[in-house]
Amino acid sequence: MPYRKNRDFHTLIDQVTVSVAQGLPCCIYRKPGEKLVTGVFQSDDTLNYAVTFEERGFVFAPFDLNDKAFVITPDKIINTNFEPTESVKNNDFLVQDVGKNFHLDLVEKGISAINKGVLKKVVLSRKIDIKISKEPSELFEALLELYPNALCYLFFHPKLGTWCGATPETLVYINDLELRTMSLAATAIMQDSVDPEWGSKEIEEQQMVTDYIGQKLRPYLDEVYVGSPKSVEAGKLWHLKSKISGKMASNTTIKEVIEALHPTPAVCGIPTQQAKNFIQKEENYQRTFYTGFLGELNLTKNKEATLFVNLRCMEVYKEKASIFVGGGITGASIPENEWSETQHKSITMLRIT
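The model shown is predicted, which means the values in this text are computed figures rather than measured ones. Every chain is numbered independently, its residues counted from 1 as its sequence is written. In view of the model being predicted, local features appear only for residues whose pLDDT reaches at least 70, and side-chain atom pairs are presented and counted only at 80 or more, with totals across whole chains, interfaces and linings using the full set of residues. With hydrogens and water set aside, each side-chain value is computed from the structure's full complement of heavy atoms.

K.L.:
Explain the overall build of the chain to me, please; I cannot follow it from the model alone.
P.N.:
The helix and strand tally for the chain stands at seven helices and 19 strands. At 19 Å, the chain has a C-alpha radius of gyration in line with the 20 Å of a compact globule built from 353 residues. Seen through its principal axes, the chain has C-alpha atoms that stretch 55 × 50 × 40 Å. We call a residue buried when its accessible area falls under 20% of the maximum for its residue type, exposed when it is over 50%, and partly exposed in between, using a 1.4 Å probe and counting protein chains only. A burial count over the chain gives 55% of its 353 residues as buried. In the chain, once contacts between residues fewer than 6 apart in sequence are set aside, the share between residues at least 24 apart is 72%. Secondary structure is summarised from DSSP: a helix means a run of H or I of at least four residues, a strand means a run of E of at least two, and numbering begins at the N terminus for each. This radius of gyration counts C-alpha atoms alone. The globule rule is 2.2 Å times how many residues there are, raised to the power 0.38. Two residues qualify as a contact provided that any one of their heavy atoms is within 4.5 Å of a heavy atom in the partner residue.

Now the structure itself:
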């Protein structure tokens with residue numbers, strides 16, 4: 001039985017169920033640290049593209065922007081609050097070693113490319129296929145309960161599929177000419193909420209990402225501010241994050257900023273194009289929307305965007321799903337440790353199945 005205080009939320013879920021049954025695009029989401037859940041509904045099944053990024057709606061973009069970004073046109077927008085009920089219990093799940101040898105070899109190839117000077121960093125990922133028994137709306141509600149400080153979402157388009165996730169990483173926030181983003185890198189397992197002790201590999205990786213983002217943004221900003229790195233929680237993991245902000249030049253467009261930032265070194269590598277080429281050649285699957293980005297685009301006014309990197313996510317099919325996890329590889333990486341990192345990251349989504 002739905003909790004009384006979330007009655008309006010479950011009415012919104014019912015609207016999502018109707019839209020999906022009718023094959024109509026929709027997305028529901030909650031921003032980090034908020035209670036407000038927003039539903040964006042499109043009244044036909046047209047594939048609408050984000051070309052200039054002056055379009056209005058909820059954008060859903062792939063890892064490789066050459067594959068085009070899509071927008072759900074907001075024919076109807078519904079807002080309601082979600083109050084945590086602690087009704088989600090930790091499920092028993094098994095983190096399997098399927099694909100371990102391939103991933104270890106993949107990491108070795110990445111380290112070799114770095115040692116040869118081809119790359120400075122590369123982010124390598126894998127796909128985990130699992131069976132599920134929950135409906136997508138149930139998965140989404142579990143994400144809301146478990147991850148209050150992440151962007152939690154459920155996306156559906158009959159021509160693109162069903163995705164959900166709880167991502168800790170902002171791609172960019174733009175309001176008029178004010179811009180905020182972050183450098184998020186390095187991973188440590190949480191142990192009794194004790195602050196992690198970061199090693200040189202993690203510190204150097206995070207600084208590399210920070211420097212690269214600042215470098216890419218400077219041509220488009222009149223001012224740039226980079227904060228000191230701090231440890232932040234994401235699910236049961238720690239990461240290092242630096243806040244980056246600035247004032248955009250008056251002639252800078254949202255599209256220019258997105259193309260400068262995406263894909264970030266936190267999901268692709270350095271240099272960007274060489275890392276992307278390596279990923280697309282060596283990973284044994286196509287990422288599609290994993291490590292792409294999503295969020296509000298000019299939804300309430302022009303030249304406004306609140307976009308997140310599509311991490312800690314899954315693509316949902318009937319009675320099965322694919323979970324995506326990855327990690328940053330540098331010259332100091334140890335393949336076995338990198339495998340363990342992906343295993344721990346997979347728990348974020350495995351917990352809700």
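So, next bit.
K.L.:
Where do I start with the state of the cysteines in this structure?
P.N.:
Linking two cysteines covalently through their sulfur atoms gives a disulfide. What counts as a disulfide here is a pair of cysteine sulfur atoms lying within 2.5 Å. For the structure shown, the criterion picks out zero disulfides. The closest cysteine sulfur to the non-disulfide-bonded C27 is located on C26, 7.5 Å from its own sulfur. Classification of C27 by relative accessible area gives buried; the value is 1%. Cysteine C152 shares no disulfide, and the gap to the nearest cysteine sulfur, in C164, comes to 9.5 Å.

K.L.:
Sorry if this is basic, but what is going on with the nonpolar core here?
P.N.:
A general tendency of soluble globular proteins is for nonpolar side chains to be buried together. Nine residue types can take part in a nonpolar core, namely buried Ala, Val, Leu, Ile, Met, Phe, Trp, Tyr and Cys, and a core is a set of them joined through side-chain atoms within 4.5 Å. Counting residues in hydrophobic clusters, the biggest one holds 49 residues, and the most contacted among them are F53, V59 and Y153. Setting aside its immediate chain neighbours within four residues, Y153 contacts I28, Y29, F60, F140, L143, W163, C164, G165, L294, N310 and C313. The next biggest cluster of nonpolar side chains, apart from the first, holds 32 residues, and it includes F140, C152, V316 and L350.

K.L.:
Explain the side chain of Q343 here, please?
P.N.:
For Q343, the position within the fold is in helix α7 (residues 335-350). Among the polar contacts made by the side chain of Q343, one reaches the side chain of R126 at a distance of 2.5 Å. When residues no more than four places from it in sequence are discounted, the contact partners of Q343 are V95, Q96, D97 and R126. Polar contact criterion, stated in full: a pair of N or O atoms within 3.5 Å, where within protein one must be able to donate a hydrogen and the other to accept it, and residues adjacent in sequence count only if both atoms are side-chain atoms.

K.L.:
Any chance you could explain the sheet that holds strand β18 (residues 313-317) here in plain terms?
P.N.:
In any sheet, the strands associate via hydrogen bonds between backbone groups, in a parallel or an antiparallel arrangement. We call two strands paired when DSSP finds no fewer than two bridges between them. Spatially, the nine strands line up as an open sheet ordered β6-β2-β1-β8-β9-β18-β19-β7-β15, and their pairing is antiparallel. The open sheet is flanked by β6 (76-81) and β15 (269-270), the only strands paired with a single partner. Two elements, strand β1 (residues 26-30) and strand β8 (residues 151-157), share five bridges in a ladder whose sense is antiparallel. Residue R30 lies in a different strand from β8, and its bridge partner there is C152. All axes here are fitted lines through C-alpha atoms, helices being fitted over the stretch that makes contact, and every angle between N-to-C directions spans 0 to 180 degrees. Strand contacts of α7: β7 (121-131), β9 (161-167), β18 and β19 (320-329), with the helix running at about 140° to β19, the strand carrying the most contacts.

K.L.:
Just to check I follow, could you spell out the pairing of strand β4 (residues 57-61) for this structure?
P.N.:
In summary, the side chains of a regular strand alternate between the two faces of the sheet. The element β4 is largely enclosed, with a buried count of five among its five residues. Pairing geometry for β4 and strand β16 (residues 293-297), over five bridges, is antiparallel. What sits directly across from V59, in β16, is G295.

K.L.:
How should the packing of aromatic side chains be read in this particular structure?
P.N.:
Between two aromatic rings, the relevant description is the distance of the centres plus the angle of the planes. Two rings belonging to Phe, Tyr or Trp (six-membered ring only in the last case) form a pair when the distance between their centres is within 6.5 Å. Interplanar angles under 30 degrees mark stacking, angles over 60 mark edge-to-face geometry, and anything in between is tilted. The tally for this structure, following the rule as stated, stands at 14 aromatic pairs. Ring plane angle 40° and centroid distance 4.9 Å describe the contact between Y29 and F58, whose orientation is recorded as tilted. Taken together, the residues span a long stretch of sequence, with Y29 in strand β1 and F58 in strand β4 at a distance of 29 residues. Assigned by exposure class, Y29 and F58 land together as buried. Between the aromatic rings of F53 and F293, the centroid separation amounts to 6.3 Å while the plane-to-plane angle is 40°, which identifies the pairing as tilted.

K.L.:
What's the story with the pattern of salt bridges in this structure? I'm lost.
P.N.:
One side chain can pair with another of opposite charge once the charged atoms of both are near each other. The term salt bridge refers to a side-chain nitrogen of Lys or Arg lying within 4 Å of a carboxyl oxygen of Asp or Glu. For the structure on display, the rule yields 13 salt bridges. A salt bridge links K35 to E83, with the shortest nitrogen-to-oxygen separation between them at 3.3 Å. Taken together, the residues span a long stretch of sequence, with K35 in the loop between β1 and β2 (36-41) and E83 in the loop between β6 and α2 (100-115) at a distance of 48 residues. Given the relative accessible area of 44%, K35 is considered partly exposed. For the salt bridge of K109 with E282, the shortest nitrogen-to-oxygen distance reads 3.2 Å. Separated by 173 residues along the polypeptide, K109 in helix α2 and E282 in helix α6 (residues 272-282) bring together distant segments of the chain. We classify K109 as partly exposed; its relative accessible area is 42%. One salt-bridge network, in which partners are shared between bridges, spans K121, K201, E205 and E338.

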